[in-house]
Amino acid sequence: MVLNGRMRITAAILAGSIALNVEAVASPLATPWVEAHGAKVRLVAGSVASKDAEGPTVVAGLAIHLNPGWKTYWRSPGDAGGLPPHFNWSASVNLSEANVLYPAPRRFKDSVGDSVGYSGAVVFPIEVRPQDPDKPVELRLTLSYGICRDICVPAEAQLALTLPANATVPASPEIANALAAVPRGPDERQPDDPELVTSKAHLAGDRPKLMLEVRFPASAASGDIFVEAMDGAYVPLPTRVAEKGDTISFEVDLSEATPKELRGKTLRITMVSDAGQSEAYWTID
């Protein structure tokens, strides 16, 4: 059950669609659904193939199923605000680390501004590292998250799931699909994944901005990007300003931010499309 960094699944699954069907691919280990207004959540777990020789790895996941018209939020909810999910594992037993991964989100546009998140269903993969691999891990999660339709409301759930020690857990398409939807780093890019081409920062003057060019090899029409400062500093959502072939130019207007605070900081650029998803890191000089 010990994870060696971010686990990846077989190439055949990695090449699949990022769309998730929670109801169709149930996991062998799962808690009952916990209902909230407009959503329900549960913990799931199953094994996936690792890319090394250690054999299958057990990975957990938080599944959120949303009623039609409802959405929930990514780790950075966007300019319109919103409540990102918060995971509290402090009551867990024999847990060294629970690393939550975020599948590629989408942008939602409305009258109060753009937000970033998920509709329909989403599974957040959780890399679980036990303190003692020879003992079960008792995952005990206190979750807070936001859901929104015409109104936005906070929701909470308490979930508990035991992962057997050194157990052979049946394979889980639900977990595998969720891992395949997580943006891949530069050394893991697939042929259809977006690629950061150029990045420039203009932090001085009366119109400070970031400018980024991203190539979307297979689906430029659906291409979008999201930019985050690794230390949590505010970065507005990018705007698409030009398109040439499969390359799209984006601009981040920093006039409402504090641009000088970004100097020397590392930004994470998440790039998504219907065909693939990836991420890149950029330290502003």
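The structure under discussion appears in the preceding block.
Report follows, based on the coordinates. (Residues numbered from 1 in each chain as written. Predicted model: local features only at pLDDT ≥ 70, side-chain atom pairs only at ≥ 80, totals over all residues. Heavy atoms only, no water.)

For the rest of this paragraph, the subject is the overall build of the protein chain. Each helix and strand in the protein chain was counted, giving 2 helices and 19 strands. Burial statistics for the protein chain: of 285 residues in total, 49% are counted as buried. Long-range pairs, those at least 24 residues apart, make up 69% of the contacts in the protein chain with a sequence separation of at least 6. (Helix = DSSP H or I, 4+ residues; strand = E, 2+ residues; numbered from the N terminus. Buried < 20%, exposed > 50% of the residue type's maximum accessible area, 1.4 Å probe, protein only. Contact = heavy atoms within 4.5 Å.)

Turning next to the packing of aromatic side chains. Per the counting criterion, the structure on display carries 6 aromatic pairs. Ring plane angle 55 degrees and centroid distance 5.6 Å describe the contact between Trp74 and Phe226, whose orientation is recorded as tilted. Of the two residues, Trp74 sits in the loop between β5 (71-73) and β6 (86-88) while Phe226 sits in strand β15 (residues 224-229), which places them 152 residues apart along the sequence. Phe226 carries the same exposure label as Trp74, and that label is buried. Here the aromatic rings of Phe87 and Phe124 are separated by 6.2 Å at their centres, their planes lie at 75 degrees, and the arrangement is edge-to-face. Taken together, the positions of Phe87 in strand β6 and Phe124 in strand β10 (residues 121-130) put the pair 37 residues apart, joining distant regions of the chain. Classification of Phe124 as buried rests on a relative accessible area of 0%. Here the aromatic residues Phe87, Trp89, Tyr102, Tyr118 and Phe124 are joined through ring pairs into a cluster of three or more. The cationic tip of Lys40 hangs over the ring face of Trp33; the distance from NZ or CZ to the ring centre is 4.8 Å. (Phe/Tyr/Trp six-rings, centres within 6.5 Å; stacked < 30°, edge-to-face > 60°. Lys NZ or Arg CZ within 6 Å of the ring centre and 35° of its normal.)

Purely spatial values, then, with no claim about function.
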